[in-house]
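# Per-entry structural report
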Amino acid sequence: MRLLQLILVLFFCLLSLRFYSQDAPVSQTIRGIIEETETHFPIPGAVVSVYRDTIFIAAKASDAQGHFRIEQVPVGRVRIAIAMTGYTTRILDDVMISSGKETVLQIELEQQIVEMAEVEIRATREGESQNEMAVVSSRQFSVNETNRYAGSRGDPARMASNFAGVQGADDSRNDIVIRGNSPQGVLWRLEGVDIPNPNHFNIPGTTGGPVSIINNKYLANSDFYTGAFPADYGNCISGVFDLRLRNGNNSKHEFTGQFGFLGTELMAEGPINRERGSSYLVGYRYSTVSMFSKLGIDIGTDAVPRYQDGNFRLFFPGKKNSTFSVWGIGGMSKVDILISDQKSPDQRNIYGQNDRDQYFGSGMAVGGVTWSKTISDRSFLKMTLAAMTDVVDSYHELVYRHLDADSTYQVDSLKPLLDYNFKQNKYSAALVFNHKINKNHLLRFGFNADYFTWSMNDSVRSSLDDTLAWYNHWTVRWQTQATAALIQPYVQWRYRITELLSLTMGIHSTHFTLSNSTAFAEPRVSIKWQFNEKQHIAFAAGIHSGTQPFYMYFYRVALSDSIGGPRQTLNQKMDFTKSNHFVLSHQWLLNSGVRILTEVYYQQLSHIPVEKKSSSFSLSNTGSGFSRFFPGELQNTGKGENYGAEITVEKFYSKGWLFLLTGSVFQAQYAGSDGVIRNTDFNGGYAFNALASKEFSLRKGGAFVIGSKVTTAGGRWYGPADIAASNIARELIYVDSLRNTLQFEPYFRLDVKMNFRFNRKKTSHEAGLDLVNLLNTQNVLSLTYAPDESGDPSNAVRKEYQLGLLPVFFYRIDF
């Protein structure tokens, strides 16, 4: 499989060189709109200046409607500065200009409260959150960043693992651990509404997966938060992805085609009505490895992941500064891991269990409409209505087989083992209203309201011992048809005391009708002091709450230890998990274009569900991987705390290169119902990233880019396996009292990324290769139960390793 990928990359590079040898123009148009941050009121007269490093290229002022257009800009990376008297200057360090697509920008400027001459104010740069209420632990990211970093694979979650305090939980998935918290505490928000897990092959109770449904090509600049969130956000205790969709080009039709390891995709965008400024954007992607399999190409495994996803957005400007859009994303995925097809022991499945065939599928879709209106130069209103669905189903069969004399498998029989189908529908409404009382005071209020319907069914064979009568009995673990509502109103107020000092206060409330849980008024507060042109300090604190994984509310707990005994839904009244966040931050911008950001934080967690009986179990340790959890009766008496320090040293793109160095040291501990303080599964203790990227300019606007990333982190915690209990249950069972007393070896990974980009008259081409885990380092992920044919029960538990060397290639054409 890896050889095939390398051959394909070589082919496309040679094809690129063929096109590159032909003549090409080297210019394109930059255009867009300049708006005020809080009200989105158009700003006329703002000067947009374009530079290549420090060399001035062109400049243009925005018109009466805030629009600007600069033609004949040379292709390649440029820096754009936007300045307007009475507003803070905005600098975009890394804007890509290509011949295949116009560059269309939506730029927001923040109004100053005093005249420029009265005080020195630094310019805002890329990476600063678009949410003016967020002053700590927040970062804006762009499409360029999801493409730029080695190992990111164009995935927002994998990109975020480069930031301080964030690390991946599993190389084969994009679950992220933020400051030692479980990945299930991450919130995904799209166009103002909270959405289900936007990943292929997702598992109930997780927020990640192997392949993201979110395609970075249709994202606008978006925000990522790691703690002490503003009052806009609720029902999360770990982190937030606040994603925005971009509009299609409303002036000309443009198309993108891409062929790569992660998928083959097509995207189109263009005007619906040029005079009115309406536009469309639509995209579709299909699994490339599935295509290879259908063509009879051996990809190294019969367990071929099959997935497809798509997106669309229709945008219509209205009268009197209003807009209306219709949008949607969705994807579905399937994989069959068939042990019964194996012919010899050396074909052992790397991930999964060696005693069963597994059929797995998942799907999610979100569609909505968004209306917004700039009521005046002081007020802005935005409303969104959306409907969404999330489905996961799985079917397992026990495989009974033996080895012949020639060491080949012969299947004796297949017996049904497990069958489940979980479906969640959700109908959402969101509203946000901004009102500038004056230059000093901004008031924001809004709400998010969700109505859920669930259908959950799960049955499993009561005993795996075929000598017992219970072998033919089925245990029903889920059998649910239910509805509930989640209501989240909030209000925020920002007071800009001076141009250099600001205070933000807010309250967020949450009510969940299923468990009748209420977080009445959770306070959020932050203060920021910019004590000179280059430096500022900030502090933020808040109380945050989150619901539990929804499938756990409906699990039918066994009332006794006897096989086939009665079961009852006992966890439907679980309360919210609560987390108190405290963050202190300092940022220093050096003259060399380098930013140094340090943060220290403390999180106090309470009301964590733990088992009612004395045990080490806690939901603090769930939320990653491919497994659901089946606890006993739960109660909200668990506790935990996370604390640590982080540093980011970042050079913004200039003179053809950039770097990002991040480091964190932290502790993440919890106490189960047994009262013992333990490390959480995710308490690695430290995580460090170093990445850099260098771009070499070629003739005719082409470029060769090479980048690398080194990651090291402390190993995850685990406990010794109870071999006897695991063999009886046919799944991994730990010695409960010794949970998380052992630690895996430290994690280490080196990634290298190479891209070749060039432009022709009306097209731009790019070929790339991302070598993930270049050194093929064997990093331990976890223990797994996978008995072999030796019959030796001591061999049933083995270490499961993360991904080895993975070459990820792509070729893209824009025209």
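Nothing here was measured: the structure is a model prediction, and the numbers come from that model.

What counts and how
- Residues numbered from 1 in each chain as written.
- Predicted model: local features only at pLDDT ≥ 70, side-chain atom pairs only at ≥ 80, totals over all residues.
- Heavy atoms only, no water.
- Salt bridge = Lys/Arg side-chain N within 4 Å of Asp/Glu carboxyl O.
- Buried < 20%, exposed > 50% of the residue type's maximum accessible area, 1.4 Å probe, protein only.
- Helix = DSSP H or I, 4+ residues; strand = E, 2+ residues; numbered from the N terminus.
- Phe/Tyr/Trp six-rings, centres within 6.5 Å; stacked < 30°, edge-to-face > 60°.
- 1 Å grid on protein atoms, 1.4 Å probe; cavity = no way out; pocket = protein on both sides within 12 Å on 5 of 7 lines; lining within 4 Å.
- Points joined across faces, edges and corners; volume = space filled by probe spheres on them.
- Nonpolar A, V, L, I, M, F, W, Y, C, P; charged D, E, K, R; others polar.
- pLDDT = per-residue confidence, 0-100.
- Contact = heavy atoms within 4.5 Å.
- Pairing = 2+ DSSP bridges.
- Axes fitted to C-alpha atoms, helices over the stretch in contact; angles between N-to-C directions.
- Polar contact = N/O pair within 3.5 Å; in protein donor to acceptor, adjacent residues only side chain to side chain.
- Core = buried A, V, L, I, M, F, W, Y, C linked by side-chain atoms within 4.5 Å.

### Remarks on the pattern of salt bridges
Side chains that differ in charge, positive against negative, can pair when their charged atoms come close. Going through the model one piece at a time under the given rule, you end up with 41 salt bridges. Linking Arg69 and Glu71 is a salt bridge whose minimum nitrogen-to-oxygen distance equals 3.0 Å. For Arg69, a relative accessible area of 34% translates into the label partly exposed. Looking at Glu71, the relative accessible area reads 48%, which means it is partly exposed. For Glu646, the salt bridge goes to Arg179, with nearest N and O atoms at 2.7 Å. Placement of Glu646 in strand E34 (residues 634-654) and of Arg179 in the loop between strand E10 (176-178) and strand E11 (186-190) is noted, with a sequence separation of 467 residues between them.

### Looking at the packing of aromatic side chains
Overall, the coordinates contain 33 aromatic pairs when judged by the stated rule. Pairing Phe422 with Tyr551 gives two aromatic rings, centres 6.3 Å apart and planes at 35°, and the pair type is tilted. One end of the pair, Phe422, is in strand E24 (residues 409-436); the other, Tyr551, is in helix H5 (residues 550-553), and 129 residues separate them in sequence. Given a relative accessible area of 5%, Phe422 falls into the buried group.

### Some remarks on empty space enclosed by the protein
Tallying each qualifying case throughout the model produces nine cavities of 30 Å³ or more. The calculated volume of the largest cavity comes to roughly 890 Å³. Those elements giving two or more residues to the lining of the largest cavity turn out to be E11, strand E23 (379-403), E24, strand E25 (441-461), H5, strand E33 (594-611), E34 and strand E35 (657-671). Within the lining of the largest cavity, the residues separate by chemical class into 24 nonpolar, 21 polar and five charged. For the second largest cavity, the calculated volume is near 200 Å³. Going through the elements one at a time, strand E8 (138-141), strand E15 (222-225), E33 and E34 are the ones with two or more residues in the lining of the second largest cavity. The element best represented in the lining of the second largest cavity is E33, accounting for four residues. Split by residue class, the lining of the second largest cavity holds six nonpolar, six polar and five charged.

### Observations concerning the confidence of the model for the protein chain
For the protein chain, per-residue confidence averages 89 on the pLDDT scale, and residues scoring 70 or more make up 93% of the total. Within the protein chain, no element has a lower average pLDDT than helix H1 (residues 2-20), which sits at 52, and none a higher one than strand E12 (residues 193-194), at 98. Within the model, pLDDT remains below 50 along residues 116-122, and this stretch shows 19 contacts once partners closer than five positions in the same chain are excluded.

### Observations regarding the sheet that holds strand E2 (residues 47-52)
Reading across the sheet, the four strands line up as E3-E2-E5-E6 and stay open at both edges, with antiparallel pairing between neighbours. Sheet topology places strand E3 (55-61) and strand E6 (90-97) at the edges, where each strand pairs with a single neighbour. Neighbour-to-neighbour, the strand axes of this sheet turn through a mean angle of 25°, independent of strand direction. With five bridges connecting them, E2 and strand E5 (residues 76-83) associate as antiparallel partners. Of the residues in E5, the one forming a bridge with Val47 is Ala83.

### A look at the environment of Thr510
Note that Thr510 resides in strand E27 (residues 501-512). Considering only alpha carbons, one finds Thr510 and Ala449, 61 residues apart in sequence, at a separation of 9.7 Å. Filtering out sequence-adjacent residues up to four positions away, Thr510 remains in contact with Leu486, Ile487, Gln488, Ser517, Thr518, Ala519 and Phe576. There is a polar contact of 3.5 Å between the side chain of Thr510 and the side chain of His508.

### A few points about the nonpolar core
One recurring pattern in soluble globular proteins is that nonpolar side chains are buried together. Grouped together as the largest cluster of nonpolar side chains are 43 residues, with contacts concentrated most on Trp454, Phe512 and Phe554. The set of elements that each furnish at least two residues to this core consists of strand E21 (322-337), E23, E24, E25, strand E26 (474-496), H5 and E33. Among the nonpolar cores identified, the runner-up in size contains 35 residues, and Ile178, Met267, Tyr653 and Leu658 belong to it.

### Quick look at unusual backbone geometry
If you check the backbone angles, Gln72 has positive phi at about 55° while not being a glycine. Residue Gln72 is classed as exposed on the basis of its relative accessible area of 62%. Despite not being glycine, Asn516 shows a phi value in the positive range, around 55°. Here Asn516 lies in the loop between E27 and strand E28 (517-529). Using a relative accessible area of 55% as the deciding quantity, one classes Asn516 as exposed.

### Some words on the environment of Phe629
Considering the arrangement of structural elements, one finds Phe629 in the loop between E33 and E34. The residues contacting Phe629, other than those within four sequence positions of it, are Trp478, Tyr551, Met552, Phe617, Asn621, Thr622 and Gly623.

### A few points about the sheet that holds strand E4 (residues 67-74)
What the three strands build is an open sheet, ordered E4-E1-E7; its pairing is mixed. A strand with exactly one partner marks an edge of an open sheet, and here the two such strands are E4 and strand E7 (103-109). Each strand of the sheet is rotated relative to its neighbour by a mean of 25°, with strand direction disregarded. Relative to E4, strand E1 (residues 27-36) runs antiparallel, the two being bridged by six bridges.

### Brief notes about the side chain of Gln488
As for its placement among the helices and strands, Gln488 is situated in strand E26. Given a relative accessible area of 1%, Gln488 falls into the buried group. At a separation of 3.1 Å, a polar atom in the side chain of Gln488 contacts the side chain of His508. Beyond its immediate stretch of four places on either side in the chain, Gln488 contacts Asp194, Gly234, Asn235, Gly446, Phe447, Asn448, Asp450, His508, Ser509 and Thr510.

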